[in-house]
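A structural walkthrough
This is what each chain is made of:
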Amino acid sequence: MAEAAGRTLGDEEVAAAERVIRSGMLNSVWGTEARLLEAEVARMYGLPHAISCSSGTAALHLAVVAAAPDPGDEIITTPITDFGTVAPILAQNAVPVFADVDPGDGNLDPGAVAKLIGPRTRAIMAVHLFGAPARVDELRALADAHGLTLIEDCAQAWLAELPAPEAADASPRLAGTVGDVACLSLQQWKHITCGDGGIALTADDELARRMRLFADKGWDRAAGRSHASFGLNYRMTELQAAVARAQLAKLPGVVAARRRTAALLLDALGNVPGLRLPRPDGHAWWLFPLVLPGGGARELAEALAAAGVPARAGYLGEPLNRAPVWHGPVYGASRGPLEGYTPADCPEADRLVADTLLVIDWNEHYTGEHVEVVAREIVRATPRSGGRA
Ligand SMILES: Cc1ncc(COP(=O)(O)O)c(C=O)c1O
């Protein structure tokens, strides 16, 4: 196999880093790169505001700040995601409420979300898992009906597309344009990277103002040395921003290349019994997920890994509603608003992580030959892994 974590870092990023270092200004308060990155990402997504910050987790923290939960308010999210989706809820003294997922793709099940909406619900955080668009139109409708903020975690889903609206001339919409806030990650292994970095996107002027302030210590720089609100220092550096700009220029090619080879693998696996293939529509292919409805994903992942295919079962060690973090102190010796809290069971997420989900690392340098090897090994190993239905 090719190096599974193929990146597109090259001369352009070297030149960007050198440009910043030679300018002598590495901080984005006084530099130009972060502001330019924000303008470029905002233009790409057709939204008026992009706020750069230090990580995807920071961007999600800004999004939770924008939702403005009171301490103890609830935010509904998915148990199959990176902990960076959930940590910001804790950081704002809110309570995560885990809703179960669709067994076909691991994305939030809007029906499960609807059942959990209560008087303390403040927001819904959806994740476009592995690059597959989540059902955010349905979540938007729920959020609107209940006066909730909808946050889209697009960390794994740069340029993922949502189904086009009914109108014949309608063009596809990007995942991230339906929520009140969308968050992107530039962490090392995402579609594009500057090591660590994040972007929060919004169409709402007031939410943008809140997020900008929070990312800069609540410092309203137009008002002198005056702190308008509570905030942290989540600023992206100029070095990160310059590298991210070089990467952003490569993003459409990165996503197109991933889509090309993913389509080849989908074709090659079309007739393998016992496998549920991902729907390609709008997928950005951060990873290539496979579901074995009859079980046996662990055995198949082991067989693939032994053959050199970068496959892993379950994606997580446990769904996040089962993480040890919920059973100990969270703030010093206290559990704050989590006192008496037990996360709900999510049986579909349990089954995916324990038995039916497998992910294959994907990247833009894969060729048709790589895909042939992956397909051959999956076909070879799938009957042996059994499918225990
Ligand atoms: C779905 C999801 N949300 C949030 C994050 C957090 O992003 P970061 O690692 O940039 O803080 C990640 C990635 O790590 C992720 O995959």
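Keep in mind that what you see is a predicted model, and the values were worked out from it rather than measured. (Residues numbered from 1 in each chain as written. Predicted model: local features only at pLDDT ≥ 70, side-chain atom pairs only at ≥ 80, totals over all residues. Heavy atoms only, no water.)

A count of helical and extended segments in the protein gives 11 helices and 12 strands. In terms of C-alpha radius of gyration, the protein reaches 21 Å, essentially the compact-globule figure of 21 Å for 389 residues. When the 389 residues of the protein are sorted by exposure, 56% land in the buried category. Of the contacts made within the protein by residues no fewer than 6 positions apart, 70% connect residues no fewer than 24 positions apart. (Helix = DSSP H or I, 4+ residues; strand = E, 2+ residues; numbered from the N terminus. Rg over C-alpha atoms; globule rule 2.2 N^0.38 Å. Buried < 20%, exposed > 50% of the residue type's maximum accessible area, 1.4 Å probe, protein only. Contact = heavy atoms within 4.5 Å.)

We now examine the packing of helix 1 (residues 11–23) against helix 8 (residues 238–268). At a minimum axis distance of 8 Å, the contact between helix 1 and helix 8 shows a crossing angle of 150°. Considered as vectors, helix 1 and helix 8 are oriented roughly antiparallel to each other. The crossing of helix 1 and helix 8 is right-handed. Contact residues: Glu-12, Glu-13, Ala-16, Ala-17, Arg-19, Val-20 and Ile-21 in helix 1; Glu-238, Leu-239, Ala-242, Val-243, Arg-245, Ala-246, Gln-247 and Lys-250 in helix 8. Within the contact of helix 1 with helix 8, the residues separate by chemical class into eight nonpolar, one polar and six charged. (Axes fitted to C-alpha atoms, helices over the stretch in contact; angles between N-to-C directions. Parallel < 35°, antiparallel > 145°, perpendicular 65-115°, else oblique. Left-handed = near helix turned anticlockwise from the far one by under 90°. Nonpolar A, V, L, I, M, F, W, Y, C, P; charged D, E, K, R; others polar.)

Another point: the pairing of strand 12 (residues 357–361). Strand 12 sits mainly inside the fold: five of its five residues count as buried. Side chains Leu-357, Val-359 and Asp-361 of strand 12 all project onto a buried face; the interleaved residues Leu-358 and Ile-360 project onto the opposite face, where all are buried too. Relative to strand 12, strand 10 (residues 287–291) runs antiparallel, the two sharing five bridges. In the strand pairing of strand 12, Val-291 is matched with Leu-357. Where strand 11 (residues 311–313) and strand 12 come together, three bridges link them in antiparallel fashion. Residue pairing in the sheet places Ala-311 in a bridge with Ile-360 of strand 12. (Pairing = 2+ DSSP bridges.)

Sequence positions flagged by UniProt for "modified residue: N6-(pyridoxal phosphate)lysine" (unreviewed entry) are, in local numbering, Lys-190. Within the secondary structure layout, Lys-190 lies in the loop between strand 8 (181–185) and strand 9 (198–202). Ignoring any residue separated from it by four or fewer positions in sequence, one finds Lys-190 in contact with Arg-7, Ala-155, Gln-156, Ser-185 and Trp-286. (UniProt positions renumbered as here; feature names shortened; annotations may be inferred.)

In this section: the pattern of salt bridges. Under the counting rule described, the total for this entry stands at 27 salt bridges. Two residues, Arg-19 and Glu-33, come together in a salt bridge whose shortest N-O distance is 2.8 Å. A residue pair is termed long-range when its members are at least 10 positions apart, and Arg-19 in helix 1 and Glu-33 in helix 2 (residues 33–45) qualify at 14 residues. Judged by relative accessible area, Arg-19 falls into the partly exposed class, the value being 42%. (Salt bridge = Lys/Arg side-chain N within 4 Å of Asp/Glu carboxyl O.)

Right, let's get into helix 3 (residues 56–67). Between its first and last C-alpha, helix 3 extends 17 Å over 12 residues, near the 16 Å set by a 1.5 Å rise per residue. Among the 12 residues that make up helix 3, 11 are buried, leaving the element largely enclosed by the rest of the structure. When we look at burial in helix 3, the residues that qualify are Gly-56, Ala-58, Ala-59, Leu-60, His-61, Leu-62, Ala-63, Val-64, Val-65, Ala-66 and Ala-67. The backbone nitrogen of Thr-57 lies 3.3 Å from a side-chain oxygen of the residue at the head of helix 3, namely Ser-55. Within two residues after helix 3, Ala-68 carries a phi angle of roughly 55°, on the positive side. (Expected span 1.5 Å × (residues − 1). Polar contact = N/O pair within 3.5 Å; in protein donor to acceptor, adjacent residues only side chain to side chain.)

In helix packing, the relevant descriptors are the interaxial angle and the interaxial distance, both defined with respect to the helix axes. One can describe the packing of helix 3 onto helix 4 (residues 83–91) by two numbers: an axis separation of 8 Å at closest approach and a directional angle of 45°. It follows from the interaxial angle that helix 3 and helix 4 lie oblique. Viewed along their axes, helix 3 and helix 4 form a crossing whose handedness is right-handed. In this structure, helix 3 uses Thr-57, Leu-60, His-61 and Val-64 to contact helix 4, whose residues at the interface are Gly-84, Thr-85, Pro-88, Ile-89 and Ala-91. Residues of the contact of helix 3 with helix 4, tallied by class, amount to five nonpolar, four polar and no charged.

In regular strands, side chains alternate between the two faces of the sheet. Of all seven residues in strand 4 (residues 121–127), six are buried, a share of seventy percent or more. Relative to strand 4, strand 2 (residues 74–77) runs parallel, the two being bridged by three bridges. Counterpart to Ile-75 in the pairing with strand 4 is Ala-123. Relative to strand 5 (residues 149–153), strand 4 runs parallel, the two being bridged by five bridges. The partner of Val-127 across the bridge, within strand 5, is Asp-153. Taking the sense of rotation as the criterion, the β-α-β connection linking strand 4, helix 6 (residues 136–146) and strand 5 turns out right-handed. (Right-handed = clockwise from strand over helix to strand, strands pointing away.)

Overall, the coordinates contain nine aromatic pairs when judged by the stated rule. The interplanar angle of 50° and the centroid separation of 6.4 Å between the aromatic rings of Phe-83 and Trp-326 together place this pair among those described as tilted. On the criterion of sequence distance, the pair formed by Phe-83 in helix 4 and Trp-326 in the loop between strand 11 and helix 10 (347–356) is long-range, its members being 243 residues apart. Look at Trp-326 and you get buried, because its relative accessible area is 1%. (Phe/Tyr/Trp six-rings, centres within 6.5 Å; stacked < 30°, edge-to-face > 60°.)

Core analysis: the largest hydrophobic core is formed by 48 residues, its most contacted members being Val-41, Tyr-45, Ile-124 and Leu-201. Among the elements that take part in this core, helix 8 stands out by supplying six residues, more than any other. Shared between two domains, this core takes at least three residues from each, and those domains are domain 1 (11–247) and domain 2 (251–385). In this structure Val-41 touches Ala-50, Leu-184, Ile-199, Leu-201 and Leu-248, once residues within four positions along its chain are discounted. (Core = buried A, V, L, I, M, F, W, Y, C linked by side-chain atoms within 4.5 Å. Domains from an automatic or database assignment.)

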